[in-house]
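# Report on the structure
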Amino acid sequence: MPPRPAPRWTLRLAAALLVSLTLAGCEVTVTDPGSKSGGTSSTRNGDEARKQLAKLTVAKAGSMRGYSRDKFPHWRSTGDNCDVRDTVLKRDGTKVKVSGCNVVAGTWTSAYDGDKLTDPAKVDIDHMVPLANAWRSGASAWTTDKREDFANDLDDPQLVAVSAAANRSKGDQDPSTWKPERTGSWCQYAEDWVAVKTRWKLTVTSAEKSALADMLENCR
């Protein structure tokens, strides 16, 4: 099985990538030059994602009967009054300041629409593959423990900091009916969506598969 994609939405496999982590008291500063630009957001050519997409099972969307977000418990505690949301905010922000585990300041650039956010309360942590979409594509048969693992997945590109407006616009839609506002992020979005569905063995609809294939054409 090929290696999993890097967990950060903004992590790029480019030689020019610089990540510096500075710890000073409660402040964490992350510098990631160029990763939030509106241009092509992936340095890969999409070949691996195309191979993974070809192997995904195509099926009609399942029923929403019995669905509840409560069946995907989140956010999971990470100890010392921290949780997964805190972890993503620290990971995806720059000049992040915390009080204990609570993120109180920083700057975030929404991966979907490019909006710059400075109030952590206005940052949403989006599930790349929405919980309801996962339910319709196989998660309805999982145990609650497995759904909890999915909803708090930090190992795959499943959690990303975005603007509340973008998150609400997306809702539980798949790429056949919703795409990020920034066309420059379509390649990365499609790669990450495919990676998550591959990792969790979720199905795709024919329309979803077609849309993902089209988005991967933006990879260079």
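Note that the structure is predicted; figures quoted are calculated from it, not measured.

### Description of the packing of aromatic side chains
- A full pass over the atoms with the stated rule returns 11 aromatic pairs.
- Pairing Y112 with W178 gives two aromatic rings, centres 5.4 Å apart and planes at 65°, and the pair type is edge-to-face. With Y112 in the loop between β6 (102-109) and β7 (116-117) and W178 in the loop between α5 (164-170) and α6 (186-199), this pair connects stretches of sequence that are 66 residues apart. In this structure, Y112 and W178 share a single accessibility class: buried.
- Here the aromatic cluster, defined as three or more aromatic residues joined through ring pairs, consists of Y67, F72, W135, W142, F150 and W200.

### A closer look at the pattern of salt bridges
- Considering all chains together, one arrives at 10 salt bridges under this definition.
- Note that R76 and D149 form a salt bridge whose closest N and O atoms lie 2.5 Å from each other. Residue R76 is found in the loop between α1 (47-55) and β3 (77-79), and its partner D149 is found in helix α4 (residues 144-151); the two are separated by 73 residues along the sequence.
- In this structure R76 comes out as partly exposed when scored by relative accessible area, which is 29%.
- Judged by its relative accessible area of 36%, D149 falls in the partly exposed class.
- Between D92 and R91 there is a salt bridge, and its shortest N-O distance comes to 2.8 Å. Per residue, the accessibility class of D92 equals that of R91, and both read buried.

### A closer look at helix α7 (residues 206-216)
- All of the buried residues along α7 are E208, A211, L212, M215 and L216. What you see down the axis of α7 is that its buried residues fit within an arc of 135°, all on one side.
- Elements that come into contact with the buried residues of α7 comprise α1 and α6.

### Describing the packing of α1 against α7
- With their axes 10 Å apart at the nearest point, α1 and α7 run at an angle of 170° to one another. In terms of their interaxial angle, α1 and α7 are classed as roughly antiparallel. In this structure, α1 uses A49, R50, L53 and A54 to contact α7, whose residues at the interface are K209, L212, A213 and L216.
- Among the residues making up the contact of α1 with α7, the classes are represented as six nonpolar, no polar and two charged.

### With respect to the nonpolar core
- With 32 residues, the main nonpolar core has F72, Y112, V129, A134, F150, Y189 and L202 as its most contacted residues.
- Elements that contribute at least two residues to this core include exactly α1, α3 (131-136), α4, β9 (159-163), α6 and α7.
- Here this core takes six residues from α6, the largest share from any one element.
- Residues contacting L202, with those up to four places away along its chain left out, are L56, V129, A134, S137, G138, A139, W142, F150 and K197.

### Remarks on the state of the cysteines
- Scanning the entire structure with this criterion turns up two disulfides.
- The partner cysteine of C187 in its disulfide is C219, sulfur to sulfur 2.0 Å. Here the disulfide of C187 and C219 is right-handed, its torsion about the S-S bond being about 105°. Note that C187 is positioned in helix α6 and C219 in the segment after α7, a separation of 32 residues in sequence.
- A relative accessible area of 1% means that C187 is categorised as buried.

### Brief notes about unusual backbone geometry
- Cis geometry marks the peptide bond from H74 to W75, where omega comes out at 5°.
- Located in the positive-phi region is K95, a residue other than glycine, with phi close to 50°.
- Tracing the backbone through its elements, the reader meets K95 in strand β5 (residues 94-99).
- Take K95: its relative accessible area is 55%, and that puts it in the exposed class.
- Positive phi, close to 55°, is recorded for K201, a residue that is not glycine.
- As for its placement among the helices and strands, K201 is situated in the loop between α6 and α7.

Scoring rules and cut-offs
- Residues numbered from 1 in each chain as written.
- Predicted model: local features only at pLDDT ≥ 70, side-chain atom pairs only at ≥ 80, totals over all residues.
- Heavy atoms only, no water.
- Phe/Tyr/Trp six-rings, centres within 6.5 Å; stacked < 30°, edge-to-face > 60°.
- Helix = DSSP H or I, 4+ residues; strand = E, 2+ residues; numbered from the N terminus.
- Buried < 20%, exposed > 50% of the residue type's maximum accessible area, 1.4 Å probe, protein only.
- Salt bridge = Lys/Arg side-chain N within 4 Å of Asp/Glu carboxyl O.
- Arc of directions from axis to C-beta.
- Contact = heavy atoms within 4.5 Å.
- Axes fitted to C-alpha atoms, helices over the stretch in contact; angles between N-to-C directions.
- Parallel < 35°, antiparallel > 145°, perpendicular 65-115°, else oblique.
- Nonpolar A, V, L, I, M, F, W, Y, C, P; charged D, E, K, R; others polar.
- Core = buried A, V, L, I, M, F, W, Y, C linked by side-chain atoms within 4.5 Å.
- Disulfide = S-S within 2.5 Å.

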